[in-house]
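Read off the chains here:
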Amino acid sequence: MSAMRSRLLTTWREVTLARHLLLAVLALVAVVAVVESTSEFRNLQLASMAGLGIAAGGLTVLTGLNGQISLGHGALMAIGAYTTALLLPDREASTPLVVVMLLAVLATTAVGVVVGLAAARLHGPYLAGATLALAVAVPGIALYFKETLGGEQGLRVSLPEIPGWIADAAFFVTGSDLTRSSYVAYLAWVTLVVVFVLLANLSRSRVGRRWRAVRDDDVAAELAGIDLGRARVSAFVVSAAAAGAGGAVLALTVRLAAPSGFTLTVSLTLLAAVVLGGLGSLAGALVGAGLLTFLPGVVTDAGTGAGLTDIQAAELAPLVYGVVMVLVVLLAPSGLAGLVRSAVLRVRSRRTPPEPPVETPAPSPDPSPSTTTSKGTSP
């Protein structure tokens, strides 16, 4: 019975696409339950979490699977956000919202191709330095072209009217009218689920195995016939596309694309989220994005309730976040997702009964020398 169960589990794990699609459906059901039970403000926070989670998911693919460190994902998110803002200047914009987001992803992908080709021979701290220059330079472009990109004030993003068929479908499923904040939250989390399904299947494919081979040992990967430059460029392009989708979601959430929203701090924050959640884990990237979104508010409210001023409570949030970061690095080097995975494996190993030892038949004894000698010398 246990052998049949393990065989079924192995077969189910091998059906990657079906497993990921089932998880996506369950995730969407959970999203509907959470969005319908929270306030308008929490819905916008959930949408922000989804935008950061999308970008963090792309970064964990780049850093966790391919071993490249990027400090410029905040700039890539800015490209997706500004593309969205340019295509949605007012509510009368005729471009469908799905097309706007796809164009934002394509624009960021094009930039990712250029940057990836330029940095194809770089890895480690050299790639981090190159992407750091990108993170510093991109916000300045909006200041230089202030007539088109709005300068320091940025560009306003106008959310189009909710399509009638979406409002009717939401009312049929939830039994309540769809508000604009709920619409943004649903849009953000559907985008996150789609991106994560694509990233999960890609990481399990032959391309993902090449990324891991380059990460583990680039010399051995090159001897095995893997083009190192192509593998690194493809990983960077996929990660840039995810960052563009995350930037578009954030622009729709805050209704603004400004240089102050995509500084170097955003890039460092995304990298911290990936480290906190666990390198190479999409679930860990989402957990890290959740900590980035909700932990500062929780700490600020706790500090205010403890008698601190608003300024002191606001300054307490980065301190607590840094302490959490240090504790995770010391106590769980593989991140929060790795800690949960290890706990699950320990529980599963305790519940699984040990297999009985296989008894091997004893070897037959060799004929004795005396018998052989007597047989050989007998007449």
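Residues numbered from 1 in each chain as written. Predicted model: local features only at pLDDT ≥ 70, side-chain atom pairs only at ≥ 80, totals over all residues. Heavy atoms only, no water.

Caption draft 1: Just the overall build of the protein, in detail. For the protein, the count of helices and strands is 17 helices and two strands. In the protein, buried positions account for 41% of the 379 residues. Residue pairs at least 24 apart in sequence account for 77% of intrachain contacts in the protein once pairs closer than 6 positions are excluded. (Helix = DSSP H or I, 4+ residues; strand = E, 2+ residues; numbered from the N terminus. Buried < 20%, exposed > 50% of the residue type's maximum accessible area, 1.4 Å probe, protein only. Contact = heavy atoms within 4.5 Å.)

Caption draft 2: Representation of the packing of aromatic side chains in the model. Applying the stated criterion across every chain yields a total of one aromatic pair. Consider the rings of Y144 and F145, whose centres lie 4.9 Å apart with planes at 85°: the pair is edge-to-face. With relative accessibility at 64%, the residue Y144 sits in the exposed group. (Phe/Tyr/Trp six-rings, centres within 6.5 Å; stacked < 30°, edge-to-face > 60°.)

Caption draft 3: Looking closely at the nonpolar core. M77, L252 and L270 are the most contacted members of the largest nonpolar core, which has 85 residues in total. Residues within four places of L270 in sequence aside, it is in contact with L52, A55, A56, L59, H73 and M77. (Core = buried A, V, L, I, M, F, W, Y, C linked by side-chain atoms within 4.5 Å.)

Caption draft 4: Examining unusual backbone geometry more closely. Within the chain, R255 stands out as a residue other than glycine whose phi angle is a positive 60°. Along the chain, R255 turns up in the loop between helix 12 (228-254) and strand 2 (256-257).

Caption draft 5: Main features of a positive patch on the surface. Residues R206, R209, R210 and R230 make up a contiguous surface patch of positive charge. Ranked by residue count, the leading element in the positive patch is helix 10 (residues 206-216), at three residues. Structurally, the position occupied by R209 is in helix 10. (Patch = residues over 30% accessible without salt bridge, like charges linked within 9 Å, V, L, I, M, F, W, Y side chains within 5 Å. Areas by Shrake-Rupley, 256 points an atom, 1.4 Å probe, with all protein chains shown as cover. Salt bridge = Lys/Arg side-chain N within 4 Å of Asp/Glu carboxyl O. Lys, Arg positive; Asp, Glu negative; His and termini not counted. Charge placed at Lys NZ, Arg CZ, Asp CG, Glu CD.)

Caption draft 6: View of helix 15 (residues 310-331). Along its 22 residues, helix 15 runs 32 Å from first to last C-alpha, staying within 8% of the 32 Å computed at 1.5 Å per residue. Taken together, the buried positions of helix 15 are occupied by A313, A317, Y321 and V328. (Expected span 1.5 Å × (residues − 1).)

Caption draft 7: Local environment of the packing of helix 4 (residues 73-87) against helix 6 (residues 125-144). Between helix 4 and helix 6, the least distance of the axes is 8 Å, while the angle of their chain directions is 25°. As the angle between them shows, helix 4 and helix 6 are arranged roughly parallel. Residues A75, L76, A78 and Y82 of helix 4 lie in contact with helix 6, whose contacting residues are L134, A135, V138 and A142. For the contact of helix 4 with helix 6, the per-class residue count stands at eight nonpolar, no polar and no charged. (Axes fitted to C-alpha atoms, helices over the stretch in contact; angles between N-to-C directions. Parallel < 35°, antiparallel > 145°, perpendicular 65-115°, else oblique. Nonpolar A, V, L, I, M, F, W, Y, C, P; charged D, E, K, R; others polar.)

Caption draft 8: Molecular detail of the pattern of salt bridges. One pass over the structure, following the stated rule, counts three salt bridges. Measuring nitrogen to oxygen at the nearest pair gives 3.7 Å for the salt bridge that ties R180 to E161. Linking R180 in helix 9 (residues 180-203) with E161 in the loop between strand 1 (155-156) and helix 8 (164-174), this pair joins segments that are 19 residues apart in sequence. Close ionic contact of R215 with D216 constitutes a salt bridge, the shortest N to O distance being 3.0 Å. Among the residues examined, D216 registers a relative accessible area of 58% and is labelled exposed.

Caption draft 9: Structural detail: the side chain of H73. Checked against the element boundaries, H73 lands in helix 4. Not counting residues within four places of it along the chain, the set of residues in contact with H73 comprises A55, L59, L62, S239, A243, S267 and L270.

Caption draft 10: Examining the packing of helix 3 (residues 40-66) against helix 10 more closely. For the pair helix 3 and helix 10, interaxial distance at closest approach is 7 Å and the crossing angle is 55°. Classified by the angle their axes make, helix 3 and helix 10 are oblique. Contacts between helix 3 and helix 10 pair V61, G64, L65 and N66 from the former with W211, R212, V214 and R215 from the latter. Considered class by class, the residues forming the contact of helix 3 with helix 10 number four nonpolar, two polar and two charged.

Caption draft 11: Inspection of the confidence of the model for the protein at higher detail. Per-residue pLDDT for the protein averages 81, and the proportion of residues at 70 or more is 88%. Low pLDDT (under 50) marks residues 8-13, which in the prediction has five contacts with non-local residues, meaning those over four places away or in another chain. Between residues 370-379, whose pLDDT stays under 50, and residues either more than four places distant or in other chains, the model counts one contact. (pLDDT = per-residue confidence, 0-100.)

Caption draft 12: Layout of the side chain of S281. Relative to the elements of secondary structure, S281 occurs in the loop between helix 13 (264-277) and helix 14 (282-305). S281 gets classed as buried once you look at its relative accessible area, which sits at 10%. A polar atom in the side chain of S281 sits 3.0 Å from the backbone nitrogen of G284. Beyond its immediate sequence surroundings of up to four residues, S281 is in contact with T60, A337 and R341. (Polar contact = N/O pair within 3.5 Å; in protein donor to acceptor, adjacent residues only side chain to side chain.)

Caption draft 13: Fine view of the environment of T131. Within the element layout of this structure, T131 appears in helix 6. Relative accessible area serves as the criterion here: at 1%, T131 is assigned to the buried category. Through-space distance from the C-alpha of T131 to that of G74 is 9.9 Å; in sequence the pair is 57 residues apart. Beyond its immediate stretch of four places on either side in the chain, T131 contacts I69, S70, L71, G72 and F236.

Caption draft 14: Local environment of a nonpolar patch on the surface. Together, L319, V323, V326, L327, L330 and L331 make up a nonpolar patch on the protein surface, roughly 620 Å² of accessible area in all. On the secondary structure map, L327 appears in helix 15.

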